[in-house]
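For reference, the chains in residue letters:
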Amino acid sequence: MFIVGAGPAGLACARELASEFEVGVAEEHHELGNISCTGVLGIKSLERLGIDYKSSVLSYIRSARLHSNAENIEFSFSKPVAVVVDRAAFDRGLGENALDEGAEILTSTRVVKVERKGKRWSIKLLREGKIEEVEAKVLIGADGFRSEIALSQGLREKWKPDQILSCYQLEVNCSAELTDVYFTHYAQNFFAWQVPTGERCRVGLCSRGATLSPKSALKKFVSENGLESEILAETGDVIPLGIINKTYAENLLIVGEAAGFIKPITGGGVIFGITSGKLAAEVLKDASDFSEGSLSRYEKLWKKNIGREINFGLHFSKLFYSLTREELDKIFRTLDKEAVEEIKKNFSFDRHSFLLKVVIRHGYRIFRALGTRRSAELLGELRKI
Ligand SMILES: Cc1cc2nc3c(=O)[nH]c(=O)nc-3n(C[C@H](O)[C@H](O)[C@H](O)COP(=O)(O)OP(=O)(O)OC[C@H]3O[C@@H](n4cnc5c(N)ncnc54)[C@H](O)[C@@H]3O)c2cc1C
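What you see is a predicted model; the values in this text were computed from it and never measured.

Q: Talk me through the site of the ligand; I want residue IDs and the actual numbers.
A: For the ligand, the set of nearby residues contains 35 residues, the closest of which are Ala-9, Glu-27, Val-40, Val-111 and Glu-257. One of the side-chain N or O atoms of Glu-27 is found 2.7 Å from an oxygen atom in the ligand. Between the ligand and Glu-257, the relevant distance is 2.5 Å, taken from an oxygen atom to a side-chain nitrogen or oxygen of the residue. Across the complex, the protein chains shield 92% of the 990 Å² of accessible surface that the ligand would expose by itself. Only α1 (8–18), β3 (40–42), β9 (109–117) and β17 (231–240) provide two or more residues apiece to the shell around the ligand. No other element matches β9, which puts three residues into the shell around the ligand. Considered class by class, the residues forming the shell around the ligand number 14 nonpolar, 13 polar and eight charged. Formed jointly, the shell around the ligand draws a minimum of three residues from each of two domains, domain 1 (2–39 + 86–156 + 244–314) and domain 2 (163–240).

Set out below in C-alpha cells:
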C-alpha cells in the first residue's frame, strides 16, 4: 500500500493498514505537521477516534465569543469542548503511531508521477534530487488541497474559485483567554478568529471570493480591532470546500482534504481527515480484492459517517453568509437566553447538523427581528437542507 501525503488523513490510514500490509508513506516536506493550521480540534471526536493528543495540547477551549458587526454573544461550557494543538507535535504523534505499527514514512520525498502498470501502480518519487520508482498494489491519495492524485486519475475537476477558502494566520504575543470569532466584512463569506495558545494567540482569517488578499484583509482587520501585537510567525494557505466527484477507483482511494472532507462551517479538516483515513483502511482490510466494486464500499461508509455533515455544512454556510451584516446584528441582539441554552445543550464541535435541529425548532425566535417574511424565507430554506 502506498500513501501520498503524511498529514493526519494519510498517517491515520497508515497506522491502521500497517498491522496487515506493507505500507509506505511519502511526504514532500522535511518534517510532519501543517504549520498553517490553527489546531482547534474537538475533544469528543479525538477521544472517539482513539487519538493520543494530550502531549500536543497548547490550550483548552471552554468558551467562545462570537462577534457580529456591532454585537457579540458568549458561549461558555462547563468543561472544555476543544483543544488547540501544536500541529507539528500532533502529526508527529500520529507518525510515531504509524511507525510503531510498521509503516515506513519517507520525508523529503515528493511523488512526481503515478501510473497504472497492469494491476499495480508505478510510483515515481523525487528524493535527494534523484528519481526512484516504487510499486504498490493500492495507492491512497492523502495529498491535501492540491489533491493531484485525484485530479490525475480523473476523480475530480479543478477546484472552482468559489470552492476555495483563502486564509492567512499570524502567531502573536498575547494574553487573551477567550477564543473570539468575528463575522467581519474583512473575512468575506467566512470569519476571522483569535485563538489563545498560552502566552500566544493565533489570529487568522479566511475568505471566499474576496478581492482583497487574506493577508491584506487580516492586517487591516487586526489594526482596526486593536489586536496588533508583535508578530512571531505568519502563514497563508487554502482550504477546499466541496466533496470531489468520486473517491475510489480500482486499487485507489482518496482520503482527507484531498477528497474535500472539511467541515464547511469552520474549515476544520483534521477530524474528518482522520475519520476517512480510518474508514479507507477498514475497507482495504476487509476487501477480498481491490477492484472498483469492492472499494466502492468506502464511499458508502464515508457518506454515512461524514458525508451528510459536510453536505449540511455546505448548505448551512451558504444560507448563513446570505445574511447581511445588519441582519446578523439583529439576530445577535435579539437572541434570547433560552435559544443560547438550547444551542449549548445540543452543541457538537464536529457534527454541526445539531444546528439544524435547534434553528428549526427555535427559528421564529432566532429570526424574529428580521420580520415575518424574511424569517419564513430562511426557515423554508433550512427545511430544504
Ligand atoms: C489557516 C488554516 C487554519 C486551519 N485550522 C484548522 C483547525 O483549527 N482545525 C482543523 O481541524 N483544521 C484546520 N485547518 C485545516 C487542516 O489543516 C487540514 O484540513 C488538514 O491538515 C487536512 O489533513 P490531510 O491529512 O487531509 O491533509 P494535509 O494535512 O494537507 O496533508 C497532506 C500532505 O500531503 C503532502 N503532499 C501533497 N502532495 C504531495 C506529493 N506529491 N508528494 C508527497 N507529499 C505530498 C503535503 O506536503 C501535506 O503534508 C486549517 C487550515 C488552514 C489553512
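Q: Provide a residue-level description of the packing of aromatic side chains, including the pertinent values.
A: In this structure the tally under the stated criterion is 17 aromatic pairs. Taking the centre distance of 6.5 Å and the plane angle of 20 degrees together, the rings of Phe-316 and Phe-320 count as stacked. Linking Phe-316 with Phe-320, this pair stays in helix α7 (residues 292–320), spanning four residues, or about one helical turn. An aromatic cluster of three or more residues is present, and its members are Phe-183, Phe-190, Phe-191, Trp-193, Phe-312, Phe-316, Phe-320, Tyr-321 and Phe-332. Geometry around Tyr-248 places Lys-246 over its ring, the cationic atom sitting 4.8 Å from the centre.

Q: If you had to explain the pattern of salt bridges to someone new, which residues and values would you point to?
A: Throughout the structure, instances matching the rule amount to 32 salt bridges. With a closest N to O distance of 3.5 Å, Glu-148 and Arg-110 form a salt bridge. Here Glu-148 is found in helix α4 (residues 148–152), whereas its partner Arg-110 is found in strand β9, with 38 residues between them in sequence. Exposure remark for Arg-110: the relative accessible area of 28% places this residue in the partly exposed category. Taken together, the shared-partner salt bridges connect Glu-28, Arg-110, Arg-146 and Glu-148 into one network.

Q: Describe the domain arrangement of the protein, with residues and values.
A: Entries for the protein in the domain assignment read domain 1 (2–39 + 86–156 + 244–314), domain 2 (163–240) and domain 3 (317–384). On a C-alpha basis, the centres of domain 1 and domain 2 stand 29 Å from each other. The partner domain 2 presents 14 residues to the 14 residues of domain 1 that form the contact. Buried surface at the junction of domain 1 and domain 2, both sides included, amounts to about 1,100 Å², of which 60% is carbon and sulfur. Considering only the surface of domain 1 that becomes buried against domain 2, Ser-36, Thr-38 and Phe-145 emerge as the three largest contributors, covering 53% of it.

Q: Any chance you could break down the state of the cysteines for me, citing the residues and the numbers?
A: For the structure shown, the criterion picks out two disulfides. One disulfide in the model links Cys-167 with Cys-206; its S-S distance is 2.1 Å. Between Cys-167 and Cys-206 the disulfide shows an S-S torsion of about 105 degrees. By sign, it is right-handed. Highlighted residues: Cys-167 in strand β13 (residues 164–173) and Cys-206 in strand β16 (residues 200–207), separated in sequence by 39 residues. In terms of burial, Cys-167 and Cys-206 fall into one category: buried. One disulfide bridge connects Cys-174 with Cys-201, the sulfur atoms lying 1.8 Å from each other. Here Cys-201 lies in strand β16 and Cys-174 lies in the loop between β13 and β14 (179–182), a separation of 27 residues in the sequence. Given the relative accessible area of 0%, Cys-201 is considered buried. Across the protein, the way the bonded cysteines pair up, counted in sequence order, is 1-4, 2-3. Between Cys-13, a free cysteine, and Cys-37, which holds the nearest cysteine sulfur, the sulfur-to-sulfur gap is 19 Å.

Q: Before we move on, can you summarise the sheet that holds strand β8 (residues 104–106) with the specific residues and values?
A: The sheet built from six strands is open, its strands ordered β8-β2-β1-β12-β19-β18 with mixed pairing. Whereas interior strands pair on both sides, the edge strands pair on one side only; in this sheet they are β8 and β18 (248–249). Two strands pair when backbone bridges link them, and strand β12 (residues 139–141) and strand β19 (residues 252–254) are joined in this way by three bridges, in the parallel orientation. Bridge pairing in β19 places Leu-139 opposite Leu-252.

Q: Lay out the sheet that holds β16 with the relevant residues and their values.
A: In space, the seven strands of this open sheet follow the order β6-β5-β14-β15-β16-β13-β17, with mixed pairing throughout. For this open sheet the edge positions go to β6 (72–76) and β17, each flanked by a neighbour on one side alone. On average, adjacent strands in this sheet sit at an angle of 15 degrees to one another, irrespective of strand direction. Looking at chain direction, strand β5 (residues 63–67) and β6 are connected through five bridges and run antiparallel. Its bridge partner being in β6, Leu-66 is matched across the sheet by Ile-73. Together, β13, β14, β15 (192–196), β16 and β17 form the strand contacts of helix α5 (residues 214–224), whose direction differs from that of β13 by roughly 45 degrees.

Q: Talk me through the layout of surface pockets; I want residue IDs and the actual numbers.
A: Taken as a whole, the second largest pocket spans an internal volume of roughly 440 Å³. Lining the second largest pocket are 18 residues, with Lys-44, Pro-80, Val-81, Phe-347 and Phe-349 sitting closest to its centre. Breaking the lining of the second largest pocket down by element, the ones donating at least two residues are α2 (43–48) and α9 (337–346). Of the residues assigned to the lining of the second largest pocket, the class counts are six nonpolar, four polar and eight charged.

About the thresholds
Residues numbered from 1 in each chain as written. Predicted model: local features only at pLDDT ≥ 70, side-chain atom pairs only at ≥ 80, totals over all residues. Heavy atoms only, no water. Near = heavy atom within 4 Å. Polar contact = N/O pair within 3.5 Å; in protein donor to acceptor, adjacent residues only side chain to side chain. Areas by Shrake-Rupley, 256 points an atom, 1.4 Å probe, with all protein chains shown as cover. Helix = DSSP H or I, 4+ residues; strand = E, 2+ residues; numbered from the N terminus. Nonpolar A, V, L, I, M, F, W, Y, C, P; charged D, E, K, R; others polar. Domains from an automatic or database assignment. Phe/Tyr/Trp six-rings, centres within 6.5 Å; stacked < 30°, edge-to-face > 60°. Lys NZ or Arg CZ within 6 Å of the ring centre and 35° of its normal. Salt bridge = Lys/Arg side-chain N within 4 Å of Asp/Glu carboxyl O. Buried < 20%, exposed > 50% of the residue type's maximum accessible area, 1.4 Å probe, protein only. Contact = heavy atoms within 4.5 Å. Buried area = accessible area lost by both parts, 1.4 Å probe. Disulfide = S-S within 2.5 Å. Pairing = 2+ DSSP bridges. Axes fitted to C-alpha atoms, helices over the stretch in contact; angles between N-to-C directions. 1 Å grid on protein atoms, 1.4 Å probe; cavity = no way out; pocket = protein on both sides within 12 Å on 5 of 7 lines; lining within 4 Å. Points joined across faces, edges and corners; volume = space filled by probe spheres on them.

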